[in-house]
Amino acid sequence: MSDLEGVKIFNNVCHQSTLGCLLRTAQDRSSWHYRFPMDAPFKDKHPKLDIIAEGTMMDHFLSGIAYSILIQVWELNGRKQFIPEIFYCGISIKDKHREDNVHVDDTHRNDTIKIMGILNEDWDPKTMGGGFMHGGVIHKLRPTDFCIFDPRTPHAADKILCDEKRFALDFSVQKLHEGEVIRRSMEDEE
Ligand SMILES: [Fe+2]
């Protein structure tokens, strides 16, 4: 990938209570499904909740919260590399009973970037595992950390070591061309 080497991690992207609100609301939804990974036998699938799919809001309330988180990542990244136009957003649940599949996403297109963060407020990647493996490197994401990564590089959740379920929010968004930046303010356009 030319304009995003490896994984870029941002700390303190939002208040933990924003993630807690998203998590508690999502846990009560009846729209969780087991479609992913697509080609895997059922025993190797994991629960997923679609918030936005193919640019359409599947859950309006959760879309609003998710969008506010994405805006924070966008600003922390200097409005570079992507614009907050969401193609897909969802929440995954993974646990120690299932080894995550190493996979690539969005292989049919090259105009996307993915963003991911863990929602559990007490997730300690040092003792609980569940880091983010990307291109063979494991990144330990802490609560309120979010990472930007190339979805076409092989990635997976690292082994989970505890009995807790790991909730992760992920986005697929519109990638910007190298060097392209959305103007920071209306004043810049004067
Ligand atoms: Fe993925």
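See above for the structure.
Being a predicted model, the structure only gives us computed values, none of them experimental.

> Go over helix H1 (residues 16–27) with me, naming the residues and quoting the values.
Taking 1.5 Å as the rise per residue, H1 with twelve residues should run 16 Å; its terminal C-alpha atoms sit 16 Å apart, in good agreement. Among the residues of H1, those classed as buried are Leu19, Leu22 and Ala26. Around the axis of H1, the buried residues are gathered within 60 degrees of arc, so they sit on the same side. Opposite its buried face, H1 presents the exposed residues Ser17 and Arg24, each directed more than 90 degrees away. Check the buried side of H1 and you find it contacts strand S3 (46–53), helix H2 (60–76), strand S5 (82–94) and strand S11 (166–175).

> Which residues make up the sheet that holds strand S10 (residues 155–157), and what values do they have?
On the basis of which strands lie adjacent, the open sheet formed by three strands has the order S8-S7-S10 and antiparallel pairing. Of all the strands in the sheet, the pair left with one neighbour each is strand S8 (137–139) and S10. Ignoring strand direction, the axes of neighbouring strands in this sheet form an average angle of 20 degrees. Pairing between strand S7 (residues 132–134) and S10: three bridges, direction antiparallel. Opposite Phe132, over in S10, you have Ala157 as the bridge partner.

> Go over the pairing of S5 with me, naming the residues and quoting the values.
Examined bridge by bridge, S3 and S5 share five bridges and lie antiparallel to one another. Counted as the bridge partner of Leu49 is Ile91 from S5. As judged from the ten bridges shared by S5 and S11, these two strands associate in the antiparallel manner. Considered in S11, the bridge of Ile83 is made with Gln174.

Reading the values: rules and limits
- Residues numbered from 1 in each chain as written.
- Predicted model: local features only at pLDDT ≥ 70, side-chain atom pairs only at ≥ 80, totals over all residues.
- Helix = DSSP H or I, 4+ residues; strand = E, 2+ residues; numbered from the N terminus.
- Expected span 1.5 Å × (residues − 1).
- Buried ≥ 20, exposed ≤ 12 C-beta atoms within 10 Å, placed from the backbone.
- Arc of directions from axis to C-beta.
- Contact = placed C-beta atoms within 7 Å.
- Pairing = 2+ DSSP bridges.
- Axes fitted to C-alpha atoms, helices over the stretch in contact; angles between N-to-C directions.

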